[in-house]
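If you want the building blocks of each chain, they are given just below.
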Amino acid sequence: RSEATAAFRQAVKLAPKDAHTKLRLAKHLLSDVHGCPSGVPDGSAEDAAEAGKLLAKVLRSGDITGQGKLEARLVQVRVLRIDAGQTGGTAKDAEETLGELIKATGLSAETAKDADADARDLYSRMLLESGHLYLQHQMHESAVHMYQNAYNAAAPGTATKNEAQQGGAMGMAKQAKCDKGAKDPNCGKALKLFQAISDEFVTGDAWWMRGQIHKNVYDDIQPAMEAMVKACARVDYNAAWWDKLARWSQMLHHRLGSGGFDNFAIKQARAAMKRNHELNPYSAPAWESKVPGILEAQQSNDKRQGEFKCKNPIAQTGEGFLDEDSLKESVSFTLRRWRSAI
């Protein structure tokens, strides 16, 4: 990923007037941003600031029009989502911008399937971004509805369809508190939805939640560890995940078959602590005094420790819980939601 980023930046430097290259770089910088609290990586604020400057130049240039301009504004919504809570009103701005963009396509959940491939893809990604926005602000029922609409609108086999299914599962899991160990039937449904996606298309935040469900709901240690490792590999620069993986591994090592430093969990804890140290070098003295041992479990009253510190300027409005068939067509819901937003 770092090599790709460097290549994009070099392309922008060599062709400073090329708006299309600027747009591609901005999209790449924000490619790992999904729905917080399980998917806005550390460091994305800096990437968002750079992407925001690039997008401002793209939109001023006038070289990108039509669907391309809608695409640029959609990427701009991700910048607003990352800024949410830091700058007053940005979350509401993101919601209103998405409403305007969806209306500008002239499509609906009924007509999207008959549109040309590019228009259909753009429309479904707007709905997907809406799901991310609501998930980020813990409006779980609204998020699942929007992910469902994105799933219905997206063409089969596309990245958007896969991501919408994972988003729907994430919304179900968060609402059912599966990451907290709640024994809710929707945890099993969410896990099945996650598992239906081929591994190469599973996002880092989806792997993370899979690990949480395996560990906290089913007490299934080995799959939990494997999912956590894959999550960290997807978003390698996320120090918070590496830190939590290290602490998870330390707590779980005694529950695996072999002991001592041959234990898989202990080895994983050491590797995770090393990566966290590389990303957070300020902790060097304490870290170096413990290696090659395992850090003592860190006790904290801060429930957000090791997780993302999400902002929540949007009031929770979802009511009730999902129907038995959790991912349903919800065209009327979408229309009502965006009519109230624009």
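Conventions and cut-offs
- Residues numbered from 1 in each chain as written.
- Predicted model: local features only at pLDDT ≥ 70, side-chain atom pairs only at ≥ 80, totals over all residues.
- Heavy atoms only, no water.
- 1 Å grid on protein atoms, 1.4 Å probe; cavity = no way out; pocket = protein on both sides within 12 Å on 5 of 7 lines; lining within 4 Å.
- Points joined across faces, edges and corners; volume = space filled by probe spheres on them.
- Helix = DSSP H or I, 4+ residues; strand = E, 2+ residues; numbered from the N terminus.
- Nonpolar A, V, L, I, M, F, W, Y, C, P; charged D, E, K, R; others polar.
- Axes fitted to C-alpha atoms, helices over the stretch in contact; angles between N-to-C directions.
- Parallel < 35°, antiparallel > 145°, perpendicular 65-115°, else oblique.
- Left-handed = near helix turned anticlockwise from the far one by under 90°.
- Contact = heavy atoms within 4.5 Å.
- Phe/Tyr/Trp six-rings, centres within 6.5 Å; stacked < 30°, edge-to-face > 60°.
- Lys NZ or Arg CZ within 6 Å of the ring centre and 35° of its normal.
- pLDDT = per-residue confidence, 0-100.
- Expected span 1.5 Å × (residues − 1).
- Buried < 20%, exposed > 50% of the residue type's maximum accessible area, 1.4 Å probe, protein only.
- Disulfide = S-S within 2.5 Å.

Chemist: What am I meant to see in empty space enclosed by the protein here?
Modeler: What the rule picks out here adds up to two cavities of 30 Å³ or more. Taken as a whole, the largest cavity encloses approximately 80 Å³ of empty space. The wall of the largest cavity is formed by 13 residues, among which Glu 163, Gln 166, Gly 167, Thr 203 and Asp 205 lie closest to the centre. Among the elements that take part in the lining of the largest cavity, helix α8 (residues 159-175) stands out by supplying four residues, more than any other. In the lining of the largest cavity, the residues fall into five nonpolar, six polar and two charged.

Chemist: Hey, could you run me through the packing of α8 against helix α10 (residues 204-217) in this one?
Modeler: At a minimum axis separation of 10 Å, α8 and α10 run at an interaxial angle of 40 degrees. With respect to α10, the element α8 is oriented oblique. Classified by chirality, the crossing of α10 by α8 is left-handed. Taking contact as the criterion, the partners of Gln 166, Met 170, Ala 173 and Lys 174 in α8 are, on α10, Asp 205, Ala 206, Met 209 and Ile 213.

Chemist: Quick question: what am I supposed to make of the packing of aromatic side chains here?
Modeler: Two aromatic rings are characterised by how far apart their centres lie and by the angle between their planes. Summed over all chains, the structure comprises zero aromatic pairs. One Lys or Arg, Lys 161, reaches over the ring of Tyr 151 and ends 4.1 Å from the middle of that ring.

Chemist: When you look at the confidence of the model for the protein chain in this model, what are you seeing that I'm missing?
Modeler: Should pLDDT be low for a region, the predicted coordinates there are not to be read in detail. Residue-level pLDDT values for the protein chain average 78, and 74% of them are 70 or greater. Looking at the elements of the protein chain, mean pLDDT is at its lowest for helix α15 (residues 331-341), recorded as 43, and at its highest for helix α2 (residues 19-29), recorded as 95. Note on residues 291-313: pLDDT is under 50 here. Beyond four places in sequence and across chains, it has 47 contacts. Note that pLDDT drops below 50 for residues 315-339; the model gives that stretch 55 contacts with residues more than four away or on any other chain.

Chemist: Would you explain helix α5 (residues 90-105) in this entry?
Modeler: Every α-helix carries 3.6 residues per turn, so stepping three or four residues along brings you back to the same face. Here α5 is 16 residues long and its end C-alpha atoms lie 23 Å apart, about the 22 Å a rise of 1.5 Å per residue gives. Along α5, the residues that are buried comprise Thr 90, Ala 91, Ala 94, Glu 95, Thr 97, Leu 98, Gly 99, Leu 101 and Ile 102. Of the residues flanking the end of α5, it is Gly 106, one or two places downstream, whose phi is positive at about 75 degrees.

Chemist: Even after reading the chapter, I still don't get the state of the cysteines, so can you show me in this structure?
Modeler: As used here, a disulfide is simply a covalent bond connecting the sulfur atoms of two cysteines. Applying the stated rule across the entire model yields one disulfide. Here Cys 178 engages in a disulfide with Cys 187; their sulfurs sit 2.1 Å apart. Where Cys 178 bonds to Cys 187 through sulfur, the torsion about that S-S bond is close to -100 degrees, and the disulfide is left-handed. As far as burial versus exposure is concerned, Cys 178 and Cys 187 are alike and both buried.

Chemist: Would you mind showing me how to read the packing of helix α1 (residues 2-14) against α2 here?
Modeler: The description of two packed helices rests on the angle between their axes and on the distance between the axes. Where α1 contacts α2, the axes come no closer than 9 Å and their chain directions differ by 155 degrees. The angle between the axes of α1 and α2 places the two elements in the roughly antiparallel class. Here the hand of the crossing between α1 and α2 comes out left-handed. Taken together, the residues of α2 that come into contact with α1 (itself represented by Ala 4, Thr 5, Phe 8, Arg 9, Ala 11 and Val 12) are Thr 21, Lys 22, Arg 24, Leu 25, His 28 and Leu 29. Considering only residue class, the contact of α1 with α2 consists of six nonpolar, three polar and three charged.

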